[in-house]
Amino acid sequence: MQKENPVKRLFEIRGMGQVLTVTAGLIVLSIAFGIVNPVFFSSRNVGNLLRQIAPILLIGIGQSYVLITGNIDLSIGSLIGMSCMISATLMTKGVNPWAAVVITLVCCLAIGAANGLLVALCKLPPFIATLGTMTIARGIAQIANGNYNTDSIGEAAEGFRNFFYYGKTLGFYNTIWIAIVLWFAFNFILTRTRTGRHIYAIGSNVEAARLSGVNIVSTTLKAYLVSSFVSCVVGLITCATSGMGTMDSGNAYELYAVAASVIGGVSTLGGQGLLFGTVIGASIWGVLQNGLQFAGAPVAIRNIVIGIIVILSVLLDIIVRTGRHVGKKSAKNSAA
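Just so we're clear, the structure is a prediction, and the values are computed from it rather than from any experiment.

This paragraph deals with the overall build of the protein. Counting its secondary structure elements, the protein contains 14 helices and 2 strands. Over its C-alpha trace the protein gives a radius of gyration of 21 Å, about what one expects of a compact globule, namely 20 Å for 336 residues. Seen through its principal axes, the protein has C-alpha atoms that stretch 75 × 55 × 45 Å. Here the protein, with 336 residues, has 47% of them falling under the buried criterion. Relative to all contacts within the protein whose residues are 6 or more apart in sequence, the contacts with residues 24 or more apart total 78%.

What follows is the structure, given as structure tokens:
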């Protein structure tokens, strides 16, 4: 029996074509910025760049899970702010930093559970449900310390700050290792477990998935819990970075999460996407921000460029997906 060509098998994976395309784009961008300013490839800048990419990758993972189910999570940015403020407030009140982490995680998971239940059980449109919880989470972030940013979390939290941001392991910042470990864990769940198969199934066709015995409520809930978990982790990283809680932490991060996902080939129509693509999407976001900064481009131009790329990525996905659908329909009609 002739063995199947591994390259052919690679391209047959749904969504792999766009992943390889954006990977090529990332390489071209990196080379271009390296030519404009050789400092771009310095070891110091590469280390800082990876540390900047890590939080975007984490929230991209959460948004990817939700998008693959055919939904969206707009509460990510506010959950980051809520996580940052609750953890910092508790630590400034004398609570042990690791106890503060556990309490913060429980609070964030509660919002994630609310998102999943509102969308899957109460049948609210995900845009409306997560818009509401986005506002609630931001309100909690504001009242956590009486509508004020916190003071410094102090020397007692030095271990917390080193673990989430400043410390290094094997020459790499811990923030990078956190992103790598969580990516492998959630990629395994998505690609190797029944939960992952169910997530793709309800994103492809929710009614067919229901008839096949998939628990829609449980699966959607799990996707939103993943999103709230990684948002909590990014909030803790933000707190460790600044050493204090700020009420506006995470502003616009839900947009960065969507950017990392859709640039990496995760379909906004559901049922398609690879977490490896999310790595590339987050990397493109980071390289653009970093490279355009070295090129002297103002923040406004950076935001415009990334916004255009997001729109083009979604537009390409819609054209490809609907084009295939139309092609199948036409074939059936001609056969009739």
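Following the structure, the description resumes.
In this section: helix H4 (residues 76-92). With 17 residues, H4 extends 24 Å from end C-alpha to end C-alpha; this agrees with the ideal 24 Å at 1.5 Å per step. Burial within H4 is extensive, with 16 of its 17 residues counted as buried. Two residues or fewer past H4, glycine 94 is found with a positive phi of approximately 95°.

Two side chains carrying opposite charge are able to pair once their charged atoms lie near each other. Using the criterion set out here, one finds 1 salt bridge in the structure. For glutamate 207, the salt bridge goes to arginine 210, with nearest N and O atoms at 2.7 Å. Here glutamate 207 pairs with arginine 210, and both are found in helix H10 (residues 206-211), just 3 residues apart, close to one helical turn.

Per-chain confidence: the protein averages 89 in pLDDT, with 91% of residues scoring 70 or above. At the level of individual helices and strands, the protein shows its lowest average pLDDT in helix H1 (residues 6-12), which scores 59, and its highest in helix H5 (residues 97-120), which scores 98. Low pLDDT, under 50, characterises residues 325-336; the stretch is placed with 0 contacts to residues that sit more than four places away or in other chains.

You can see glycine 47 is positioned in helix H3 (residues 43-68). Not counting the four nearest positions on each side in its chain, glycine 47 is found in contact with Tyr173 and Ile176.

With that settled, consider the packing of aromatic side chains. Per the stated rule, a full pass over the model turns up 14 aromatic pairs. When the centroid spacing of 5.1 Å and the interplanar angle of 55° are considered together, the rings of phenylalanine 160 and phenylalanine 164 count as tilted. Here phenylalanine 160 and its partner phenylalanine 164 are both found in helix H7 (residues 158-166), 4 residues apart, which amounts to about one turn of the helix. As far as burial versus exposure is concerned, phenylalanine 160 and phenylalanine 164 are alike and both buried. Residues tyrosine 256 and tryptophan 285 carry aromatic rings whose centres are separated by 5.0 Å and whose planes lie at 50° to one another, so their mutual orientation is tilted. Note that tyrosine 256 is positioned in helix H12 (residues 253-263) and tryptophan 285 in helix H13 (residues 275-294), a separation of 29 residues in sequence. Owing to a relative accessible area of 21%, tyrosine 256 belongs among the partly exposed residues under this scheme.

In this section: unusual backbone geometry. The phi angle at lysine 123 is positive, at roughly 65°, despite the residue not being glycine. Along the chain, lysine 123 falls in the loop between H5 and helix H6 (126-143). Classification of lysine 123 as exposed rests on a relative accessible area of 57%. Its identity is not glycine, yet leucine 170 carries a phi of approximately 55°, on the positive side.

A word on the nonpolar core. Counting residues in each nonpolar core, the largest one holds 76 residues, and the members touching the most others are Leu58, Tyr65, Met82, Phe160, Phe164 and Phe186. When residues of this core are assigned to their parent elements, the largest contribution, 11 residues, is made by H3. Leucine 58 has contacts with Ile178, Ala179, Leu182, Val230, Val233, Val234 and Ile237, leaving out every residue within four places of it along the chain.

Moving on, we get to H3. Relative to the 38 Å expected for 26 residues at 1.5 Å per residue, H3 spans 35 Å between its end C-alpha atoms, a close match to the ideal helical length. The buried fraction of H3 is high, at 20 of 26 residues.

Each value, and the rule that gives it
- Position labels on residues start from 1 in each chain and follow its written sequence.
- Under the rules for a predicted model, residues below a pLDDT of 70 receive no local features and side-chain atom pairs below 80 are neither given nor counted, while totals for whole chains, interfaces and linings still include all residues.
- Side-chain measures here rest on the full set of heavy atoms in the structure, leaving out hydrogens and waters.
- Here a strand is any run of E in DSSP of at least two residues, a helix any run of H or I of at least four, and the numbering for each starts at the N terminus.
- Radius of gyration here uses only the C-alpha atoms, and the compact-globule reference equals 2.2 Å multiplied by the residue count raised to the power 0.38.
- The rule is simple: take the accessible area with a 1.4 Å probe, protein chains only, and divide by the maximum for that residue type; under 20% is buried, over 50% is exposed, in between is partly exposed.
- The contact rule is simple, with two residues in contact once any of their heavy atoms fall within 4.5 Å.
- What a helix is expected to span follows from its residue count: subtract one and scale by 1.5 Å.
- We define a salt bridge as a side-chain nitrogen of Lys or Arg found within 4 Å of a carboxyl oxygen belonging to Asp or Glu.
- What pLDDT reports is the predictor's confidence in each residue, on a scale of 0 through 100.
- Only centres within 6.5 Å qualify two rings of Phe, Tyr or Trp (six-membered ring in Trp) as a pair; their planes then separate them into stacked at under 30 degrees, edge-to-face at over 60, and tilted for everything else.
- Residues grouped as a nonpolar core are buried Ala, Val, Leu, Ile, Met, Phe, Trp, Tyr and Cys residues, joined through side-chain atoms within 4.5 Å.

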